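# Coordinates in review
So the chains spell out like this:
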Amino acid sequence: MPGVRVRPARPDDAAAITGVHVRAWRAGYRGLLPDEVLDGLDPAERLPRWRSTLTAASWPRQGTLVVTPDDGSIAGFADLSPVRDEDRDPRLVGEVRSFYVAPEAWRHGCGRALMRGSVHALARCYRSAVLWVLDTNSRAQHFYAATGWRPDGTARHERIAGVEVGELRYAHDLG
């Protein structure tokens, strides 16, 4: 998409990423997680984690990408790493640990540009990649399917913000 740029995140992007993270959770998980959990999200609580994550980047195997529209603001981010799942080899399989786009940037090409950039970055080091998505998040599942990801038949239950949720694993061949 013209005017949309994907680049590695820098430590000084932490506050903007935190804002996107909270806004995306509140909009994307509304009706999937309890309102009190979403309404209680505090960007300040997530800021130290993002500062640490961005400082610890070790490209090309691990790091965070951001997507920026014409105005230079951060409209979304993808955090990439070696896979954490025990049934996959982290030398061969990468993971999209988190992928969020600000609700005001939905359906403007930012998500697709960010996913293309993520797949390209992962393909530099890995043969395939995985990501996890809530089993009730049909909007995200449709987006992932439209960008080349497929469910691989693996499911799990996790606690997110104190709530038990089901997740499905999606995979992408990077060959």
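Report on the accompanying structure. (Residues numbered from 1 in each chain as written. Predicted model: local features only at pLDDT ≥ 70, side-chain atom pairs only at ≥ 80, totals over all residues. Heavy atoms only, no water.)

Once that is clear, we can look at the pattern of salt bridges. Side chains that differ in sign of charge can pair as their charged atoms come close. Tallied over the full model, the rule gives 16 salt bridges. Across the salt bridge formed by Glu104 and Arg23, the nearest N and O atoms sit 2.9 Å from each other. With a gap of 81 residues between them, Glu104 in the loop between β4 (93–101) and α4 (110–123) and Arg23 in helix α1 (residues 14–28) connect regions that are remote in the sequence. Between Asp85 and Arg169 there is a salt bridge, and its shortest N-O distance comes to 3.1 Å. (Salt bridge = Lys/Arg side-chain N within 4 Å of Asp/Glu carboxyl O. Helix = DSSP H or I, 4+ residues; strand = E, 2+ residues; numbered from the N terminus.)

This paragraph deals with the pairing of β4. Where burial is concerned, most of β4 is hidden: 8 out of the 9 residues are buried. Where β4 lies against strand β5 (residues 128–134), 4 bridges are found, and the strand directions are parallel. Bridged to Gly94 within β5 is Ala129. In this fold, β4 hands off to α4, which returns the chain to β5; that crossover is right-handed. (Buried < 20%, exposed > 50% of the residue type's maximum accessible area, 1.4 Å probe, protein only. Pairing = 2+ DSSP bridges. Right-handed = clockwise from strand over helix to strand, strands pointing away.)

Here we come to the packing of α1 against helix α3 (residues 43–55). At a minimum axis distance of 8 Å, the contact between α1 and α3 shows a crossing angle of 125°. The angle between α1 and α3 falls in the class oblique. Judged by the sense of rotation from one axis to the other, the crossing of α1 with α3 is right-handed. Between α1 and α3, the contacting residues are Ala14, Ala15, Ile17, Thr18, His21, Val22 and Trp25 on the first element and Pro43, Arg46, Leu47, Arg49, Trp50, Arg51 and Leu54 on the second. Grouping the constituent residues of the contact of α1 with α3 by class yields 9 nonpolar, 2 polar and 3 charged. (Axes fitted to C-alpha atoms, helices over the stretch in contact; angles between N-to-C directions. Parallel < 35°, antiparallel > 145°, perpendicular 65-115°, else oblique. Left-handed = near helix turned anticlockwise from the far one by under 90°. Contact = heavy atoms within 4.5 Å. Nonpolar A, V, L, I, M, F, W, Y, C, P; charged D, E, K, R; others polar.)

Attention shifts here to the environment of Pro90. In this structure, Pro90 sits in the loop between β3 (76–82) and β4. The exposure class assigned to Pro90 is partly exposed, which follows from its relative accessible area of 36%. For the pair Pro90 and Arg61, spaced 29 residues apart in the sequence, the C-alpha separation amounts to 9.9 Å.

This brings us to the sheet that holds strand β6 (residues 150–160). Here we have 7 strands laid out as an open sheet, ordered β1-β2-β3-β4-β5-β7-β6, and mixed in their pairing. Whereas interior strands pair on both sides, the edge strands pair on one side only; in this sheet they are β1 (5–8) and β6. Shown here is a sheet whose adjacent strand axes are inclined to one another by a mean of 25°, direction ignored. Direction of pairing for strand β2 (residues 63–68) relative to β3: antiparallel, over a ladder of 5 bridges. In the sheet register, Leu65 faces β3, and the bridge partner there is Ala78.

Between α4 and helix α5 (residues 138–146), the shortest axis-to-axis distance is 11 Å and the interhelical angle comes to 55°. Relative to α5, α4 is oriented oblique. Once α4 is placed against α5, the crossing between them reads as right-handed. The residues of α5 that touch α4, namely those facing Gly111, Arg112 and Met115, are Phe143, Tyr144 and Ala146. Of the residues in the contact of α4 with α5, the class split is 4 nonpolar, 1 polar and 1 charged.

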